Amino acid sequence: MQTPLSIYFFSGTGNARNVAHWFSVVALGRGIETTVTDISRTSRKDIPLPAPGSLVGFISPTHGFNYPPAMMYFIFRFPRSKGNRAFLMNTRAGLKLSKWFVPGLSGIALWLSALVLLFKGYRIVGLRSVDLPSNWISFHPGVKEKVVASIYGHCKNITVRFAGKILSGEKVYTAFRDIIQDLLVAPVSIGYYFAGRFILAKTFYATDACDKCNLCISNCPVKAILTVDNRPFWSFRCESCMRCMNDCPKRAIETSHGYLVLSMCLLNIWIMSWFWQAVARFLVIPAGNGWVSLAVTFTRWAVTFAVVVLFYRLYHYLLRVPFFRQLFYYSSLTRYKFWRRYKPSRNMISHLP
Ligand SMILES: Cc1cc2nc3c(=O)[nH]c(=O)nc-3n(C[C@H](O)[C@H](O)[C@H](O)COP(=O)(O)O)c2cc1C
Ligand code: SF4
Ligand code: SF4
């Protein structure tokens, strides 16, 4: 009799969800008692806890060279080990160039979470990235269906092989192959966590094509979309998982590249130079004092963050004015036909519940 398996996953557009299911199918095929939990759809108190001595798996996409906060916080709060073994997987932005499968980059995604689990007493038995198609359609058009199907076939085999080994009691640390590049991009993951996700991720808006069906609101895994003025409004909770933009039946959700460029330029020009030069004229900051320069740096970041919030409010206010609305609309690359939405391969998920 093999020990039970508990898989916990978070997924924006379905890649990590599919990996969780492929793994579970291998386990069920071996007669292993298996539970698969979507952490975004289950309330904290209802999350099934792993049995003592059982195998636990965590599967999530990579966001900004790390696990998204939803999965990170889940792992931080996960109970201590009772003789449990654990494996971690992350889905990344895979591409296919000609015949070659090109991998994404994990950064600290697996390493930070593995460290937390080690401190909690888990024995880490597997670390594996799976390079499913990139879903970051704010930045590039969705991958073509044929390419998606090909990458999916490749990744399903990888997951099935990995599952077979882990369930046979082997240890598999494929992620160690990438450790040098992961460490090199680690500082970016910190920048993304504190700044990137707030600035870059908050550019969504609903166009006039929106029929207020509320699907995006009810399907958001972190409940980040509110209704303001009878329209969807993206709050700062958004993790940029891309689910809403991909799934909107009216294709009414766009990323405003015009706003992104404008706000970044204004932020750089005004805040970083003009504003701080003006401040320096009134305030003489003593040089060489570590605490003072730390306080100045902290204040700069706090003010910059406040301005980002202000810009975001202003942007949504301007969206109500027809002239600006059109301006933002025409400068949203996502509105053009060639900018496909991302759909995980239908053939590969047809067997899923
Ligand atoms: C906001 C955002 C950030 C991302 N950052 C990374 C990254 O740092 N490295 C990477 O390889 N892929 C990155 N990706 C790609 C996704 O991790 C990848 O497509 C993943 O398979 C999506 O899984 P899901 O469908 O379960 O959400 C990012 C995607 C988004 C939307
Ligand atoms: S899913 Fe699309 S159409 Fe429905 S409320 Fe959201 S933006 Fe509007
Ligand atoms: S608002 Fe959209 S992109 Fe943001 S977390 Fe929710 S579903 Fe994902």
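Our structure is the block above this text.
Values in this document were obtained by computation on a predicted structure and should not be read as measured data.

Trainee: Help me understand the overall build of the protein in this model?
Mentor: Scanning the protein from terminus to terminus reveals 12 helices and 11 strands. Whereas a compact globule of 353 residues would reach a radius of gyration of roughly 20 Å, the protein reaches 22 Å, a difference of no more than 12%. For the C-alpha atoms alone, the extent of the protein along its principal axes is close to 75 × 55 × 45 Å. A total of 353 residues make up the protein; the buried ones form 37% of that total.

Trainee: Looking at this structure, how should I read the packing of helix α2 (residues 69–77) against helix α3 (residues 109–119)?
Mentor: Packed helix pairs are characterised by how far apart their axes lie and by the angle those axes make with each other. The N-to-C vectors of α2 and α3 enclose an angle of 15°; their axes lie 9 Å apart at closest approach. Between α2 and α3, the angle is such that the two are roughly parallel. Between α2 and α3 the crossing geometry is left-handed. On the side of α2, the interface is formed by M72, I75 and F76, while α3 contributes S113, V116 and L117. Here the residues of the contact of α2 with α3 sort into five nonpolar, one polar and no charged.

Trainee: Explain the sheet that holds strand β2 (residues 34–38) to me, please; I cannot follow it from the model alone.
Mentor: Hydrogen bonds between backbone groups are what pair the strands of a sheet, and the pairing can be parallel or antiparallel. Strand order in the open sheet made by the five strands is β2-β1-β3-β4-β7, with parallel pairing throughout. Of all the strands in the sheet, the pair left with one neighbour each is β2 and β7 (123–130). Across the sheet, the axes of successive neighbouring strands diverge by a mean angle of 15°, strand direction being ignored. Strand direction decides the pairing type here: strand β3 (residues 55–61) and strand β4 (residues 85–91), joined by seven bridges, are parallel. Bridge pairing in β4 links P61 to T91.

Trainee: Explain the site of ligand 1 to me, please; I cannot follow it from the model alone.
Mentor: Residues in contact with ligand 1 amount to 25 residues; listed here are only the nearest, G12, N15, P61, R92 and G104. Of the residues contributing to the shell around ligand 1, the split by class is nine nonpolar, 14 polar and two charged.

Trainee: I tried to follow the packing of helix α1 (residues 15–29) against helix α4 (residues 145–167) on my own but got confused; where do I start?
Mentor: Here α1 crosses α4 at 45°, and the two axes come no closer than 9 Å. Relative to α4, the element α1 lies oblique. Handedness of the α1/α4 crossing: right-handed. Here V19, W22, F23, V26 and A27 of α1 come into contact with α4, specifically with K156, T159, V160, A163, G164 and L167. Its residues assigned to classes, the contact of α1 with α4 comprises eight nonpolar, two polar and one charged.

Trainee: Would you mind going over α1 with me for this structure?
Mentor: Side chains of residues three or four places apart in an α-helix project in the same direction, reflecting 3.6 residues per turn. With 15 residues, α1 ought to run about 21 Å at 1.5 Å a step, and its terminal C-alpha atoms sit 21 Å apart, in line with that. Among the 15 residues in α1, 11 count as buried, and that is most of the element. Of all the residues in α1, the buried ones are N15, A16, R17, N18, V19, A20, H21, W22, F23, S24 and A27. Phi for G31, located one or two positions after α1, is positive at around 75°.

Trainee: What's the story with unusual backbone geometry in this structure? I'm lost.
Mentor: The bulk of non-glycine residues show a negative phi, and the bulk of peptide bonds are trans. One non-glycine residue with positive phi stands out, namely F65, at about 60°. Along the chain, F65 turns up in the loop between β3 and α2. Phi is positive for M242, which is not a glycine, with a value near 80°. You can see M242 is positioned in the loop between β10 (231–234) and α8 (243–247).

Trainee: Any chance you could explain α2 here in plain terms?
Mentor: Every buried residue belonging to α2 is among M71, M72, F74 and I75, and all of these are buried. Projected down its long axis, α2 carries its buried residues within an arc of 160°, all on one side. More than 90 degrees from the buried face of α2, the exposed residues found are Y73, F76 and R77. Taken together, the buried residues of α2 touch β1 (5–9), β3 and α3.

Quick notes on the rules
Residues numbered from 1 in each chain as written. Chains lettered and ligands numbered in written order. Predicted model: local features only at pLDDT ≥ 70, side-chain atom pairs only at ≥ 80, totals over all residues. Helix = DSSP H or I, 4+ residues; strand = E, 2+ residues; numbered from the N terminus. Rg over C-alpha atoms; globule rule 2.2 N^0.38 Å. Buried ≥ 20, exposed ≤ 12 C-beta atoms within 10 Å, placed from the backbone. Axes fitted to C-alpha atoms, helices over the stretch in contact; angles between N-to-C directions. Parallel < 35°, antiparallel > 145°, perpendicular 65-115°, else oblique. Left-handed = near helix turned anticlockwise from the far one by under 90°. Contact = placed C-beta atoms within 7 Å. Nonpolar A, V, L, I, M, F, W, Y, C, P; charged D, E, K, R; others polar. Pairing = 2+ DSSP bridges. Near = placed C-beta within 6 Å. Expected span 1.5 Å × (residues − 1). Arc of directions from axis to C-beta.

Nothing here speaks to function; it is geometry throughout.
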